[in-house]
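Residue-level listing of the chains:
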Amino acid sequence: MNTVTVKNVTLGSGSPKIIVPLVGKDEAELIAEAKHLLTIDCDLVEWRVDFFDQVADFHAAAEMSKKIAEILNDKPVLFTFRTKQEGGEIAFSDEQYFGLYKAVIENGTIDLLDVELFMDDALVQQTIQAAHENEIKIVMCNHDFDKTPNKEEIVSRLCRMQEKNADICKIAVMPQNSDDVLTLLEATNEMKTVHADRPIVTMSMGQLGMVSRMCGEVFGSAMTFGAAKKASAPGQVPVGELREVLNTLAL
């Protein structure tokens, strides 16, 4: 499997890298939160821009990305607008979604860009090409907050992300029982051993799926999401606890 290196972080080798969300609603909150994240033992930061109260002002979002990047310095920043249908804060049209991404690619400062799998394919490809021309890596993702698809479907979605030229392929699913958690882990292992030629990120959400956030190195997941203060998805483990578990598993 190929690795992906962003700044001083290499995804796809060693222990899963810890990424934490930045979810401030305005500039003051974001700056304070970004400064706080400098004191947190994490590897990457995900700016969930759908929480930002000026997200519809693309210029403001691009300018804010520069301020966040300056504060965080060496920590890679993943820029994410999570759509309403995949668990985000607000509804955006496709035009707004891709318009925001175009503005931030051209005028902002980010290291990675989150693109959802089930978006208009032509616009996705344009966005990926523009991001790569600006040396921005693509994290392609899919979220199912209702259920866990079967193993074949999970693997199929991850393979489609590879085919669309994502740099990192991510899926998060909701378990209804312990068998669902095993399904996610089995799919992750199959993807890693049979299909993947780039880093993958998988998780089973909620309390039931918490174990999947801690055992990624065993099954092949390259990143795990932890919570610094406010979690951005169900089941995120506090960063300190997460690092302790990962360090123990690496021994």
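Residues numbered from 1 in each chain as written. Predicted model: local features only at pLDDT ≥ 70, side-chain atom pairs only at ≥ 80, totals over all residues. Heavy atoms only, no water.

Chemist: Would you explain the UniProt feature "active site" (unreviewed entry) in the protein in this entry?
Modeler: Under the UniProt annotation, "active site" (unreviewed entry) lies at H143 and K170. A maximum C-alpha distance of 8.6 Å places the annotated residues, which cover 28 residues in sequence, within one compact spot. As for its placement among the helices and strands, H143 is situated in strand β7 (residues 137-144). Among all residues touching H143, those that are not within four sequence positions of it are R82, E86, K170 and A172. Within the secondary structure, K170 sits in strand β8 (residues 168-173). (UniProt positions renumbered as here; feature names shortened; annotations may be inferred. Helix = DSSP H or I, 4+ residues; strand = E, 2+ residues; numbered from the N terminus. Contact = heavy atoms within 4.5 Å.)

Chemist: Which parts of the structure should I look at to understand the UniProt feature "binding site: 3-dehydroquinate" (unreviewed entry) in the protein?
Modeler: When the UniProt feature table is mapped onto this chain numbering, "binding site: 3-dehydroquinate" (unreviewed entry) sits at E46, W47, R48, R82, R213, S232 and Q236. Inspection of the secondary structure assignment puts R82 in the loop between β5 (77-80) and α3 (94-107). Judged by relative accessible area, R82 falls into the buried class, the value being 3%. Leaving out residues up to four positions away in the same chain, R82 has contacts with E46, R48, D50, G87, G88, E89, I90, D114, E116, C141, H143 and K170. Within the structure, the side chain of R82 is placed 2.9 Å from the side chain of D114, a separation counted as a polar contact. Tracing the backbone through its elements, the reader meets R213 in the loop between β9 (200-204) and α7 (216-219). (Buried < 20%, exposed > 50% of the residue type's maximum accessible area, 1.4 Å probe, protein only. Polar contact = N/O pair within 3.5 Å; in protein donor to acceptor, adjacent residues only side chain to side chain.)

Chemist: Is there a simple way to explain the sheet that holds strand β3 (residues 17-22) in this structure?
Modeler: In any sheet, the strands associate via hydrogen bonds between backbone groups, in a parallel or an antiparallel arrangement. Strand order in this open sheet of nine strands is β9-β8-β7-β6-β5-β4-β3-β10-β11, and the pairing throughout is parallel. Edge positions in the sheet fall to β9 and β11 (237-238), since each has one partner strand and no second. The pairing of strand β6 (residues 112-116) with β7 spans five bridges and is classified as parallel. Its bridge partner being in β7, L112 is matched across the sheet by K137. Packing of helix α4 (residues 121-133) onto the sheet brings it into contact with β6 and β7, and relative to β7 it is tilted by some 145°. (Pairing = 2+ DSSP bridges. Axes fitted to C-alpha atoms, helices over the stretch in contact; angles between N-to-C directions.)

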